[in-house]
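If you want the building blocks of each chain, they are given just below.
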Amino acid sequence: MSAEVSLPGTVSSIIEEVARTSPPSSPTKQVSMSLVNSCPTAGVATFTTSLLAALERHGYAVIIDVVPAARFVTTALVANMLGGLQGAPPGPLGGEITTVITSSVFDHNLAWHTDSTSWELPNRWQTLTLVEPDSLRRPAPTSILPWSSLLAVIGSEAAHELHHTEFGWREQFPDLPPLSAPVLGTTPRWLRPALGRHLEPGHCGALLELCSAIAKSEDFAQVDVSESSIVVFDNHAVLHRGPHLDPDGGRTILRLKLRGRVGDLS
């Protein structure tokens, strides 16, 4: 089964009409639209089934043949189908809607990680939609690595430790309420900068074993976000990393985090 899915024609035509007739607005406002009730029920059901099947099998899906002018409205429909935006305001731990500019500066987005590790409940689904392509027209794939591939190679003792040992995920935010959880808890979390001292030799061998498995793994997919394709992935089932472009080319992505909960920060 392919990870590629496309909108049924009956849905696509309505999405295009909505995009054509709506007043001009920013990509952020367009992806926040409510659209499920505007589209044929049967067509939305067919698309939802195909999308969820691809996500279940691969951990990600690529929505193809998107009309470029309607890509943000299409993203809004996908967001509606996957549980919708909750309207959480942006804060120190990031928000549901963020704009990411691909940079030549190395940061954690370019290393394997899961998103919203410092949230009370990390988001389940994530969408990536292109706002601006790279000015130098370079390929810039997002890499996606299944947790299942890593769990197949780390030892059972390490897996047990990672399921039951809690680590602090907000130590870099001393003014916020602390949050602790296992790496392999109900929701997997992985962000090396947040683990800090625990990754030093002699601290947690299970973490180092997982680090080694991640570094050696070649069982990952590379998927490109374009003006005619939208990437969706399961943040609970995969790790991901962004592309590195040097020099900067202005490539800009709009990222939605769906079905998560930041929690009380007061």
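Look up: the structure comes first, before these words.
Tallying each qualifying case throughout the model produces one aromatic pair. Residue placement shows Arg 241 over the ring face of Phe 220; its charged tip is 5.0 Å from the ring centre.

Applying the stated criterion across every chain yields a total of six salt bridges. Close ionic contact of Arg 261 with Glu 120 constitutes a salt bridge, the shortest N to O distance being 2.5 Å. Remark: Glu 120 occurs in the loop between β3 (97-101) and β4 (125-132) and Arg 261 occurs in the segment after β11 (252-258); sequence separation between them is 141 residues. Between Arg 124 and Asp 234 there is a salt bridge; the shortest N-O distance is 2.9 Å. Of this pair, Arg 124 sits in the loop between β3 and β4 while Asp 234 sits in strand β9 (residues 230-234), and the two are 110 residues apart along the sequence.

Attention now goes to the nonpolar core. Ile 15, Leu 51, Ile 63 and Leu 77 are the most contacted members of the largest nonpolar core, which totals 32 residues. Secondary-structure elements contributing two or more residues to this core are α1 (9-21), α3 (41-58), β2 (60-63), α4 (71-81), β4, β9 and β11. No other element matches the seven residues that α4 contributes to this core. Not counting chain neighbours up to four residues away, the residues in contact with Leu 51 comprise Val 5, Ala 61, Ile 63, Val 78, Met 81 and Leu 82.

This brings us to the sheet that holds β9. With mixed pairing, six strands are arranged side by side in an open sheet as β1-β2-β9-β4-β11-β3. For this open sheet the edge positions go to β1 (4-5) and β3, each flanked by a neighbour on one side alone. Inspection of the sheet shows β4 paired to β9 by four bridges, in the antiparallel sense. Following the sheet pairing, Leu 128 is matched in β9 by Val 231. Each of β2, β4, β9 and β11 is contacted by α4, which is oriented at about 175 degrees to β4, the strand it contacts most.

It is worth spelling out the packing of α1 against α4 at this point. Contact geometry of α1 with α4 gives a least axis separation of 9 Å together with a crossing angle of 120 degrees. Overall, the two elements α1 and α4 adopt an arrangement that is oblique. Like other packed secondary-structure pairs, α1 and α4 cross with a definite hand, here right-handed. Judged by residue contacts, Val 11, Ile 15, Val 18 and Ala 19 of α1 engage Val 73, Thr 74 and Leu 77 from α4. For the contact of α1 with α4, a count of residues per class yields six nonpolar, one polar and no charged.

Here we come to the sheet that holds strand β5 (residues 142-146). Hydrogen bonds between backbone groups are what pair the strands of a sheet, and the pairing can be parallel or antiparallel. If you trace the three strands from one edge of the open sheet to the other, you get β8-β5-β10, paired in antiparallel fashion. The two strands at the open ends of the sheet, each matched to only one other strand, are β8 (221-223) and β10 (238-241). For this sheet, the mean angle separating the axes of adjacent strands, direction not counted, is 30 degrees. With three bridges connecting them, β5 and β8 associate as antiparallel partners. The partner of Thr 142 across the bridge, within β8, is Val 223.

This paragraph deals with unusual backbone geometry. Omega for the bond connecting Asp 246 with Pro 247 falls within 30 degrees of zero, at 10 degrees, which places this linkage in the cis form. Relative to the elements of secondary structure, Pro 247 occurs in the loop between β10 and β11. Within the chain, Ser 116 stands out as a residue other than glycine whose phi angle is a positive 55 degrees. Mapped onto the elements, Ser 116 comes out in the loop between β3 and β4. Of note, the phi angle at Arg 259 is positive, near 60 degrees, even though the residue is not glycine. Checked against the element boundaries, Arg 259 lands in the segment after β11. With a relative accessible area of 46%, Arg 259 lands in the partly exposed category.

Rules used throughout
Residues numbered from 1 in each chain as written. Predicted model: local features only at pLDDT ≥ 70, side-chain atom pairs only at ≥ 80, totals over all residues. Heavy atoms only, no water. Phe/Tyr/Trp six-rings, centres within 6.5 Å; stacked < 30°, edge-to-face > 60°. Lys NZ or Arg CZ within 6 Å of the ring centre and 35° of its normal. Salt bridge = Lys/Arg side-chain N within 4 Å of Asp/Glu carboxyl O. Helix = DSSP H or I, 4+ residues; strand = E, 2+ residues; numbered from the N terminus. Core = buried A, V, L, I, M, F, W, Y, C linked by side-chain atoms within 4.5 Å. Buried < 20%, exposed > 50% of the residue type's maximum accessible area, 1.4 Å probe, protein only. Contact = heavy atoms within 4.5 Å. Pairing = 2+ DSSP bridges. Axes fitted to C-alpha atoms, helices over the stretch in contact; angles between N-to-C directions. Parallel < 35°, antiparallel > 145°, perpendicular 65-115°, else oblique. Left-handed = near helix turned anticlockwise from the far one by under 90°. Nonpolar A, V, L, I, M, F, W, Y, C, P; charged D, E, K, R; others polar.

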